[in-house]
Amino acid sequence: MALTQTPSAAQALDILLTGNRRFVAGDPQHPNQDAARRAALAPGQHPFAVVFGCSDSRLAAEIIFDRGLGDLFVVRTAGHVLGSEVLGSIEYGVGQLGCPLVVVLGHDACGAIRAARTALAEGLAPAGYVRDVVERVTPSVLAARAAGLSEEPDIVDEHLRHTVDLLLDRSPVLVGGPTAVVGLSCHLDDGHVRLVTSRGLDGVAAT
């Protein structure tokens, strides 16, 4: 199942969602995970998508999308919060590796979102650098609150939209080029991934 040419952004998204359906059905194919693939990739990599996801241990991109070595350029932080090193990594995947699609991958039961909600409710920020993570998630929680959203799934979706908007606002590499950016949310109980928001994909609607 190695790709012979770089897919379009829409094709890349379809490959990911098709793999996710296999994962949900319990029928993964585990493509591109053998010794031959490993050897073929030694001279260089040509991933077809950048996946910027939450660091949650239940959200391993290659597993939930049923992909293998060399398919995905993965960047992860708690709560998929953005910093300069994250932006640089994503821009590398797009500008240097030619990925046509950037995916922001979130999920339900997100600890970073829950921590931000708790900090707002109790007026107490966590210690150490966890505080920085919470502070970067807080604007999404406040935006959801301003929109009258209080349920956790709605706040997760708002945080995904906020992250996608921040990416496009801060990175000139992602604006005006052929790369599309989408926000996907994974339901941890069954592994199903759904589209929350998209930029640069004509005719693709969020669910």
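Coordinates for the structure precede this section.
Residues numbered from 1 in each chain as written. Predicted model: local features only at pLDDT ≥ 70, side-chain atom pairs only at ≥ 80, totals over all residues. Heavy atoms only, no water.

## Considerations on the overall build of the chain
Secondary structure summary: the chain contains 7 helices and 5 strands in total. Secondary structure elements of the chain, listed N to C terminal, follow the sequence α-α-β-α-β-α-β-α-α-α-β-β. Taking 17 Å as the expected radius of gyration for a compact globule of 207 residues, we find that the chain reaches 17 Å, a close match to that expectation. With the principal axes as the frame, the chain shows a C-alpha extent of 55 × 40 × 40 Å. A burial count over the chain gives 46% of its 207 residues as buried. Pairs at least 24 residues apart make up 67% of the contacts formed inside the chain by residues separated by at least 6 positions. In the chain, 16 positive and 23 negative side-chain charges are present, and the distance between their average locations comes to 2 Å. (Helix = DSSP H or I, 4+ residues; strand = E, 2+ residues; numbered from the N terminus. Rg over C-alpha atoms; globule rule 2.2 N^0.38 Å. Buried < 20%, exposed > 50% of the residue type's maximum accessible area, 1.4 Å probe, protein only. Contact = heavy atoms within 4.5 Å. Lys, Arg positive; Asp, Glu negative; His and termini not counted. Charge placed at Lys NZ, Arg CZ, Asp CG, Glu CD.)

## Describing the environment of valine 74
With respect to the helices and strands, valine 74 occurs in strand E2 (residues 72-77). Residue valine 74 is classed as partly exposed on the basis of its relative accessible area of 32%. On a C-alpha basis, the gap between valine 74 and alanine 49 in space is 8.4 Å, while along the polypeptide they are 25 residues apart. Contact partners of valine 74, with chain neighbours within four places excluded, come to Val51, Ala61 and Glu62.

## What to know about the sheet that holds strand E1 (residues 49-54)
With respect to topology, 5 strands assemble into an open sheet ordered E2-E1-E3-E4-E5, the strand pairing being mixed. Either end of the sheet is taken by a strand with one partner, and the two such strands are E2 and strand E5 (193-199). The sheet shows a mean angle of 20° between the axes of neighbouring strands, direction not considered. Two elements, strand E3 (residues 101-107) and strand E4 (residues 180-186), share 7 bridges in a ladder whose sense is parallel. What sits directly across from histidine 107, in E4, is cysteine 186. (Pairing = 2+ DSSP bridges. Axes fitted to C-alpha atoms, helices over the stretch in contact; angles between N-to-C directions.)

## Digging into the packing of aromatic side chains
Inspection of the entire model under this criterion finds 1 aromatic pair. With a centroid separation of 5.9 Å and 40° between ring planes, the pair formed by phenylalanine 73 and tyrosine 92 is classed as tilted. Of this pair, phenylalanine 73 sits in strand E2 while tyrosine 92 sits in helix H4 (residues 84-96), and the two are 19 residues apart along the sequence. The exposure class assigned to phenylalanine 73 is buried, which follows from its relative accessible area of 17%. (Phe/Tyr/Trp six-rings, centres within 6.5 Å; stacked < 30°, edge-to-face > 60°.)

## A closer look at helix H1 (residues 9-25)
With 17 residues, H1 extends 25 Å between its outermost C-alpha atoms, agreeing within 8% with the 24 Å of an ideal straight helix rising 1.5 Å per residue. Every buried residue of H1 is listed here: Ala9, Ala12, Leu13, Ile15, Leu16, Gly19, Asn20 and Arg22. Among the structural elements, E1, helix H3 (61-64), E2, E3, E4 and E5 are those in contact with the buried residues of H1. A positive phi of about 75° marks glycine 26, the residue just after H1. (Expected span 1.5 Å × (residues − 1).)

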